[in-house]
Amino acid sequence: MDGLQGRLDALDRATITPFMRRVLEDEGAEILNWRYQPVEGGFGHAYGVYRFQGQAQVANETHEWSLILKATGPAAGSQEQAAWDYWKREVLVYQSGLLDDLLGDLVAPRLVGVVEYAGQEFWLWLEDVVESECVWPLERYGLAAYHLGQFNGAYLVGKPVPNVPWLSSSQFRQRLTMAELGIAELPRLSQNPLFERLLPGDSLELGLNLWAERQRLLARRDKLPLTLCHHDAFRRNLIARDGPDGRPQTVAIDWSEMGPGRLGEEIASLLRGLRFVAIDVDRIPELDALIFAGYVDGLRDAGWQGDS
């Protein structure tokens, strides 16, 4: 990773120009200047994420341009292809073309280029998607769920779920196994004053009752139809924008956990990501209902006629 900074500093006009031209869709554009800075936040299994931006000469006009660079390599995650954090998955997802023909209004950032360096380091050059709504009203979560339903629904009505070894497999049971020791300690921990705020009222009893039902619920889950999922579609990985035709789109970034999943798994990520969202706790049931209804409407729009 020490070499990453050196490669960033060594980038020159000749290297950046082809990517800049693709994002501006003009083969005659000439770079006037550029700068880059790291993008903060959780961006999956990457060495670093950077925003490159500057100005270019296009005919007799000056245009602003920007690109996202996502660098990844073996040290960024697991070496196991089916693991949730397999380091190379997003590179393979983009190279496979799986994101080229997404149906509906869930879209991925456009791939501008892929560069491989020695030591299996890959750089993904992507379009820089501008958020149209920085603070989402509740209804926008319902619309995002609708778009996720369109995406999942396409694989329920004829589009084949890809069968390749590097897609992520479901982690439900592995994560539940990891939680067993902690769950067993909850009754004791609940007596500690530091935990009283985390387990108010009857939340401990409700949680333990749900835990006791997990095997029955998992068995029901396993009977649900199989689809293709983003698997990490929470607010920080979703961007609202208007498409070329003016229709609202939801742009999903960070496809590093993409893989088969059961119907409904996708919106679990959207709802549990509320810890990253400023929302009145009293409105969570309303948001839950909006997300579920939007998701089912998206499935219906894709052609799914199953039992909601």
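I will try to describe carefully the structure that is included in this document.

Digging into the overall build of the protein chain
Across its full length, the protein chain carries ten helices and ten strands. Along the first, second and third principal axes, the C-alpha set of the protein chain runs to 65 × 45 × 40 Å. Relative to its full complement of 308 residues, the protein chain shows a buried share of 44%. Contacts in the protein chain between residues far apart in sequence, at least 24 positions, make up 69% of those at least 6 positions apart. When the accessible surface of the protein chain is totalled, it reaches about 16300 Å², and 53% of it is carbon and sulfur.

Some thoughts on the packing of aromatic side chains
On inspection of all chains with the given rule, the structure shows eleven aromatic pairs. When the ring of Phe 19 is compared with that of Trp 125, the centres are 4.8 Å apart and the planes differ by 15°; the resulting orientation is stacked. Residue Phe 19 is found in helix α2 (residues 13-24), and its partner Trp 125 is found in strand β6 (residues 121-127); the two are separated by 106 residues along the sequence. Among the residues examined, Phe 19 registers a relative accessible area of 8% and is labelled buried. With relative accessibility at 1%, the residue Trp 125 sits in the buried group. Ring plane angle 65° and centroid distance 5.0 Å describe the contact between Trp 136 and Tyr 141, whose orientation is recorded as edge-to-face. Considered together, Trp 136 and Tyr 141 belong to a single accessibility category, that of buried residues.

Points about the side chain of Thr 72
Looking at the element boundaries, Thr 72 is found in strand β3 (residues 61-72). A polar contact is formed between the side chain of Thr 72 and the backbone oxygen of Trp 87, at a distance of 3.3 Å.

Notes on the environment of Phe 172
You can see Phe 172 is positioned in helix α5 (residues 172-189). Given the relative accessible area of 34%, Phe 172 is considered partly exposed. Through-space distance from the C-alpha of Phe 172 to that of Glu 265 is 10.0 Å; in sequence the pair is 93 residues apart. Apart from residues no more than four positions distant in its own chain, Phe 172 is found in contact with Leu 218, Arg 221 and Glu 265.

Let's talk about helix α4 (residues 138-154)
Between the first and last C-alpha of α4 there are 25 Å, a value that for 17 residues agrees with the 24 Å anticipated at 1.5 Å per step. With 14 of 17 residues buried, α4 is to be regarded as a mostly interior element.

Quick word on the pattern of salt bridges
Under the defined criterion, the tally for this structure stands at 17 salt bridges. When the shortest N-O distance is used, the salt bridge between Arg 7 and Glu 121 registers 2.8 Å. Taken together, the residues Arg 7 in helix α1 (residues 2-10) and Glu 121 in strand β6 connect sequence positions 114 residues apart. Overall, Arg 7 belongs to the partly exposed group, its relative accessible area being 26%.

Side note on the packing of α4 against helix α10 (residues 284-302)
The geometry of a pair of packed helices is captured by two quantities: the angle between their axes and the separation between those axes. At a minimum axis distance of 6 Å, the contact between α4 and α10 shows a crossing angle of 35°. Of the two elements, α4 crosses α10, and the hand of that crossing is right-handed. Side by side, α4 and α10 meet where Leu 138, Glu 139, Tyr 141, Gly 142, Ala 145, Tyr 146, Leu 148, Gly 149, Gln 150, Asn 152, Gly 153 and Ala 154 of the first sit next to Glu 286, Leu 287, Leu 290, Ile 291, Gly 294, Tyr 295, Asp 297, Gly 298, Leu 299, Asp 301 and Ala 302 of the second. Residues that form the contact of α4 with α10 fall into these classes: twelve nonpolar, seven polar and four charged.

A look at the nonpolar core
Counting 67 residues, the largest nonpolar core has Phe 52, Trp 125, Trp 255 and Met 258 as the members making the most contacts within it. At seven residues, the largest contribution of residues to this core is made by α4. Leaving out residues up to four positions away in the same chain, Trp 255 has contacts with Arg 89, Glu 90, Val 93, Tyr 94, Leu 99, Leu 102, Leu 106, Val 107, Ala 108, Pro 109, Phe 151 and His 230. Within the second largest apolar cluster, five residues are counted, among which are Val 107, Val 129, Val 251 and Ile 253.

Cut-offs used in this document
Residues numbered from 1 in each chain as written. Predicted model: local features only at pLDDT ≥ 70, side-chain atom pairs only at ≥ 80, totals over all residues. Heavy atoms only, no water. Helix = DSSP H or I, 4+ residues; strand = E, 2+ residues; numbered from the N terminus. Buried < 20%, exposed > 50% of the residue type's maximum accessible area, 1.4 Å probe, protein only. Contact = heavy atoms within 4.5 Å. Areas by Shrake-Rupley, 256 points an atom, 1.4 Å probe, with all protein chains shown as cover. Phe/Tyr/Trp six-rings, centres within 6.5 Å; stacked < 30°, edge-to-face > 60°. Polar contact = N/O pair within 3.5 Å; in protein donor to acceptor, adjacent residues only side chain to side chain. Expected span 1.5 Å × (residues − 1). Salt bridge = Lys/Arg side-chain N within 4 Å of Asp/Glu carboxyl O. Axes fitted to C-alpha atoms, helices over the stretch in contact; angles between N-to-C directions. Left-handed = near helix turned anticlockwise from the far one by under 90°. Nonpolar A, V, L, I, M, F, W, Y, C, P; charged D, E, K, R; others polar. Core = buried A, V, L, I, M, F, W, Y, C linked by side-chain atoms within 4.5 Å.

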